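Chain by chain, the residues run as shown.
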Amino acid sequence: MDVQEHIRQLVSENRVVLFMKGSKQFPQCGFSARAVQILQAAGCQDFVTVNVLEDDAIRQGIKVFSDWPTIPQLYVNGEFQGGSDIMTEMFEAGELQALLGNNAA
C-alpha cells in the first residue's frame, strides 16, 4: 500500500484524525499541543493521532494528500478541516463543537 492509500485509509476508518508532531499524550510542538487542547475543549476525547515525526513518508504525504503545507492537520468524517489556526477559529465560532457533536457516532 502506498502512502496516499494508507492516509486515505486512516481518515476513512477513523471519525476524527489529527496528523501532528508527537502524540496527544506528548505533543512535540506548540501548534500540535494547541490542536489537541482544542479538540479536548470541544468535547472530543476519542480521536486518533498520527505522529508524523515517526514516518517521513507520512509527514510529506499528508501535505500532498490535503494540499496543505503545514502540520497539524485535522480530519473529521474523512474531510480535511484545517490546521491549528483554523481549528481555533472554528472552536471560537462554535463550528467545531457542532461538527463533532452533530456527527457523533
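Residues numbered from 1 in each chain as written. Predicted model: local features only at pLDDT ≥ 70, side-chain atom pairs only at ≥ 80, totals over all residues. Heavy atoms only, no water.

(A) Quick look at the nonpolar core. Grouped together as the largest cluster of nonpolar side chains are 16 residues, with contacts concentrated most on Val 16, Leu 18, Leu 39, Leu 74, Leu 96 and Leu 100. Elements represented by at least two residues in this core include exactly β1 (16–20), α2 (30–41), β3 (73–76), α4 (84–92) and α5 (95–102). In this view, Leu 100 contacts Arg 15, Val 16, Leu 39, Ala 42, Cys 44 and Val 76; residues no more than four positions away in its chain are not counted. Judged by nonpolar contacts, the second largest core, of eleven residues, contains Leu 10, Val 11, Ile 62 and Tyr 75. (Core = buried A, V, L, I, M, F, W, Y, C linked by side-chain atoms within 4.5 Å. Buried < 20%, exposed > 50% of the residue type's maximum accessible area, 1.4 Å probe, protein only. Helix = DSSP H or I, 4+ residues; strand = E, 2+ residues; numbered from the N terminus. Contact = heavy atoms within 4.5 Å.)

(B) Just the packing of helix α1 (residues 3–13) against helix α3 (residues 56–66), in detail. Contact geometry of α1 with α3 gives a least axis separation of 9 Å together with a crossing angle of 75°. With respect to α3, the element α1 is oriented roughly perpendicular. The residues of α3 that touch α1, namely those facing Val 3, Gln 4, His 6, Ile 7, Arg 8 and Val 11, are Ala 57, Ile 58, Gly 61, Ile 62, Val 64 and Phe 65. Here the residues of the contact of α1 with α3 sort into eight nonpolar, three polar and one charged. (Axes fitted to C-alpha atoms, helices over the stretch in contact; angles between N-to-C directions. Parallel < 35°, antiparallel > 145°, perpendicular 65-115°, else oblique. Nonpolar A, V, L, I, M, F, W, Y, C, P; charged D, E, K, R; others polar.)

(C) Highlighting the environment of Glu 54. Mapping Glu 54 onto the fold places it in the loop between β2 (48–51) and α3. Sequence separation between Glu 54 and Cys 29 is 25 residues; the distance between their C-alpha atoms is 14 Å.

(D) The arrangement of unusual backbone geometry in detail. The linkage connecting Ile 71 with the following residue, Pro 72, adopts the cis geometry, with an omega of 20°. We note that Asp 67 has phi near 55°; this positive angle belongs to a residue other than glycine. Within the secondary structure, Asp 67 sits in the loop between α3 and β3. Look at Asn 77: it is not a glycine, yet its phi comes out positive at around 50°. With respect to the element layout, Asn 77 can be found in the loop between β3 and β4 (79–82).

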